[in-house]
Amino acid sequence: MESNQSGLGSEFKPCSNFFSCFQRHFGHVLTSEEVDKLTKDKLKFKWEMPVKEMTMSKLVGTGQDLSMELNGDPFCGINQKLYNHWKNLYCSSNSDDSSSSKRRLFFSLCNTYRDILHCDKRPFYLKGKEDDSSIMDAYLMHALNHIQRIRENVLKNDSKLNKDENGKSEEIHSGEFYLDQGFTRPKVILLLPLASIAFRVVKRLLHLSSLSHKGNVAHMDRFSEEFGAGDDKNTDGNLESQKGAKPVDFQTLFGGNHNDHFMMGIKLTKRSIKLYSNFYSSDIIVASPLGLITKIGETEFEKEKDIDYLSSIEVLIIDHSDIIAMQNWSHVNTVIEHLNHTPSKQHGTDFMRIKPWYLEGNARFYRQTIILGHLVTPEINALFNRLCVNYEGKLKLISKHKGVLHKVLLQVRQVYERFEASSIIDTDEARLEYFCKKVFPKMKDSVEGGTLVFISSYFEFVRIRNFLKSQNASFCLLGEYSKQSDVSRSRLWFFEGKRKIMLYTERSHFYHRYKIRGIKNLIIYSLPERKEFYSEIVNMVEGSKNMSCSVLFSRFDLYRLERIVGTSAAKKMSSSDKTTFVFC
């Protein structure tokens, strides 16, 4: 993706064309035929283009090819005050050309108002601060500009209507130029997994808003106390100092406030910003999926409460989606399903000024959804395909992977065994059957013990646990819901050989990063979503004469497989006539 501008100065080159993407996107009124097509047809990615800033990636999209549009000026029609502030901010910073290029690219993508799936973002806790910060800046700039453009239109029209001294308000209202509002005020949602991440994002939002000096931000002290402070103890009740034994990325991610239940409104005015504003008077809502789900659940039991402030969301940004997937991705599905519904109450709305597509129930087709993360899962991909129905189309970043096998430091023989499944729906049953018939008999006959079974999902964990119980096997458990006393006992039993098998889940490893001693053989029942966990787990195998690692996979595990063995190898392994592959 070539750029006709370079450097910080040219990044903020003024645009003379006032007709912006904002006006084009929200000015279009869908016909009934277009709505029917969006409802029934599944859009296919028809074009692709390389991404200069990411040599291992390409951009694919639906609708019109954006090659020419992305080479133009992304700051076309931008609010002048924001434009000047960003220009001064970046020109005075030490941001390198790479960061500038990535920021400009992603702002260009956001400014198309298409749905975006970018799940190859290197997060700040994996020493990817520049990449993460550039993309975060871009989507925050887009959100601020969106709010500012809405305010400009409303204030301009308010002024014209207030000057209507000749009693021609009915004539003025009849013009579509004055249709500038939704059912409620909130227009942007930032969906984030942890309070510490929300603290980082909101602080940057304030900085980019040009109103960040202390006197203009209300309730900043409360925000710093509630979102910025970490707990004295971790979730296990152990002293925080014990985190020193954990990997650096774990300490960075969980070193702050890891509360996953929060929700806050932000109101932007001409001269100030108010944190903790009432949701109906807010422009932006910052929330965790659990925080929003709680509000949604309250309406089912308390009829006087409502969530009508979700009715007019026009930009939904989900950042660090891979962490949210470790929490509960189904919450995100529920949240999106509750967006853009016709409100149950009026909330002081001037219905004469509501945009027609709100009244026609088509707001979801105008909502832009931006999903960002370190990796893509089938669940994230399914949500993007099913619930993101923006009429403008979709953009998706597809990346090739080198794999992480080189990070395995031990001389462990890694045997990949492919089992056959007729469909993705049958994969879980086929995996369990293969384990019971092909893998467990070898484990049962072994007198050595020390076998760790790594399992990606809790559902699979429960199925294997029940099977081992039925076989009277000697095993212990290390799952995400295990009590600390049970965890300590299981680790000791396994190390001392009192239990031959241990079941260990990916989510437990994500939240605790246990160092498990006594592993002589490793069975990876299902590959981890997070590629860095693969080498961490394999490197825990202790020296023995016959160190081994067996990995079960099917052709439907391609996402996970390519992140670990590399894209090229994963495709060959999924389609080859051979079913067994060995890496040393």
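Residues numbered from 1 in each chain as written. Predicted model: local features only at pLDDT ≥ 70, side-chain atom pairs only at ≥ 80, totals over all residues. Heavy atoms only, no water.

- Per an unreviewed UniProt entry, the chain goes by U3 small nucleolar RNA-associated protein 25 and derives from Dendrobium thyrsiflorum.
- UniProt's Sequence similarities (unreviewed entry) comment on the chain is quoted here verbatim: "Belongs to the UTP25 family."
- Word for word, the UniProt comment on the chain under Subcellular location (unreviewed entry) is "Nucleus, Nucleolus". (UniProt positions renumbered as here; feature names shortened; annotations may be inferred.)

1. Focus: the pattern of salt bridges
Part 1 of the argument: Taken as a whole and judged by the stated rule, the model has 30 salt bridges.
Part 2 of the argument: Note that D180 and R353 form a salt bridge whose closest N and O atoms lie 2.6 Å from each other. With D180 in the loop between helix 8 (169-173) and strand 4 (188-191) and R353 in the loop between helix 14 (330-337) and helix 15 (356-359), this residue pair connects regions lying 173 residues apart in the sequence. Comparing D180 with R353, the two get one shared label, buried.
Part 3 of the argument: R431 is the partner of D557 in a salt bridge, and the nearest nitrogen-oxygen pair spans 3.1 Å. Of this pair, D557 sits in the loop between strand 17 (548-553) and helix 22 (558-565) while R431 sits in helix 17 (residues 427-445), and the two are 126 residues apart along the sequence.
Part 4 of the argument: Assessed through its relative accessible area of 8%, D557 is described here as buried.
Part 5 of the argument: Members of the salt-bridge network, linked through shared partners, are K121, D132, R200 and D319. (Salt bridge = Lys/Arg side-chain N within 4 Å of Asp/Glu carboxyl O. Helix = DSSP H or I, 4+ residues; strand = E, 2+ residues; numbered from the N terminus. Buried < 20%, exposed > 50% of the residue type's maximum accessible area, 1.4 Å probe, protein only.)

2. Here we look at the sheet that holds strand 14 (residues 475-478)
Part 1 of the argument: One open sheet holds the 7 strands; their spatial order is 14-15-13-16-17-12-18, and the pairing between them is mixed. Single-partner strands in this sheet number two, and they are strand 14 and strand 18 (580-583). The mean inter-strand angle of the sheet, taken between neighbouring strand axes irrespective of direction, is 20°.
Part 2 of the argument: Relative to strand 18, strand 12 (residues 413-418) runs antiparallel, the two being bridged by 4 bridges. The partner of Y416 across the bridge, within strand 18, is F581. (Pairing = 2+ DSSP bridges. Axes fitted to C-alpha atoms, helices over the stretch in contact; angles between N-to-C directions.)

3. Examining the side chain of H401
Part 1 of the argument: Structurally, H401 can be placed in the loop between strand 11 (394-399) and strand 12.
Part 2 of the argument: We classify H401 as buried; its relative accessible area is 17%.
Part 3 of the argument: Not counting residues within four places of it along the chain, the set of residues in contact with H401 comprises M56, D120, E562, R563, G566 and T567. (Contact = heavy atoms within 4.5 Å.)

4. A look at the nonpolar core
Part 1 of the argument: Among the nonpolar cores identified, the biggest contains 89 residues, and F106, Y139, I266 and L275 are the most heavily contacted of them.
Part 2 of the argument: Counting residues per element, this core draws most heavily on helix 7 (residues 129-162), at 11 residues.
Part 3 of the argument: Ranked by size, the runner-up nonpolar core spans 33 residues in total, among them V404, V487, F494 and M502. (Core = buried A, V, L, I, M, F, W, Y, C linked by side-chain atoms within 4.5 Å.)

5. Points about the environment of L126
Part 1 of the argument: Relative to the elements of secondary structure, L126 occurs in the loop between strand 3 (115-118) and helix 7.
Part 2 of the argument: The class of L126 is buried, set by a relative accessible area of 13%.
Part 3 of the argument: Among residues more than four places away in sequence, those in contact with L126 are D249, H374 and E532.

6. Regarding the side chain of H331
Part 1 of the argument: By the secondary structure assignment, H331 is in helix 14.
Part 2 of the argument: In this structure, H331 is in contact with P289, L290 and I293, ignoring residues within four places of it in sequence.

7. Points about a positive patch on the surface
Part 1 of the argument: On the surface, K37, K42, K44 and K46 cluster together into a patch of positive charge.
Part 2 of the argument: Within the fold, K46 resides in the loop between helix 3 (32-40) and strand 1 (47-51).
Part 3 of the argument: With relative accessibility at 70%, the residue K46 sits in the exposed group. (Patch = residues over 30% accessible without salt bridge, like charges linked within 9 Å, V, L, I, M, F, W, Y side chains within 5 Å. Areas by Shrake-Rupley, 256 points an atom, 1.4 Å probe, with all protein chains shown as cover. Lys, Arg positive; Asp, Glu negative; His and termini not counted. Charge placed at Lys NZ, Arg CZ, Asp CG, Glu CD.)

8. Structural notes on the sheet that holds strand 7 (residues 273-275)
Part 1 of the argument: Judged by pairing direction, the sheet is mixed, and its 11 strands sit side by side in the order 1-2-11-3-10-9-4-8-6-7-5 without closing on themselves. Whereas interior strands pair on both sides, the edge strands pair on one side only; in this sheet they are strand 1 and strand 5 (217-218).
Part 2 of the argument: Pairing of strand 4 with strand 9 (residues 315-318), which is carried by 4 bridges, proceeds in the parallel orientation. Opposite L191, over in strand 9, you have I318 as the bridge partner.

9. Things to note about the packing of helix 9 (residues 195-208) against helix 10 (residues 220-228)
Part 1 of the argument: Following both chains from N to C, one finds helix 9 and helix 10 inclined at 150°, their axes separated by 9 Å at the closest point. In this view, helix 9 runs roughly antiparallel relative to helix 10, as classed from their interaxial angle. On the side of helix 9, the interface is formed by A195, S196, A198, F199, V202, K203 and L206, while helix 10 contributes M220, F223, S224, F227 and G228.
Part 2 of the argument: Considered class by class, the residues forming the contact of helix 9 with helix 10 number 8 nonpolar, 3 polar and 1 charged. (Parallel < 35°, antiparallel > 145°, perpendicular 65-115°, else oblique. Nonpolar A, V, L, I, M, F, W, Y, C, P; charged D, E, K, R; others polar.)

10. A closer look at the packing of aromatic side chains
Part 1 of the argument: Summed over all chains, the structure comprises 33 aromatic pairs.
Part 2 of the argument: In this structure an aromatic cluster arises from ring pairing among F22, F26, Y113, F183, F351, W357, Y358, Y366 and Y391.
Part 3 of the argument: Of note, K246 hangs over the ring of F250, and the distance from its end group to the ring centre comes to 5.9 Å.
Part 4 of the argument: Between R517 and the ring centre of F495, over which it is positioned, the NZ or CZ distance is 4.0 Å. (Phe/Tyr/Trp six-rings, centres within 6.5 Å; stacked < 30°, edge-to-face > 60°. Lys NZ or Arg CZ within 6 Å of the ring centre and 35° of its normal.)

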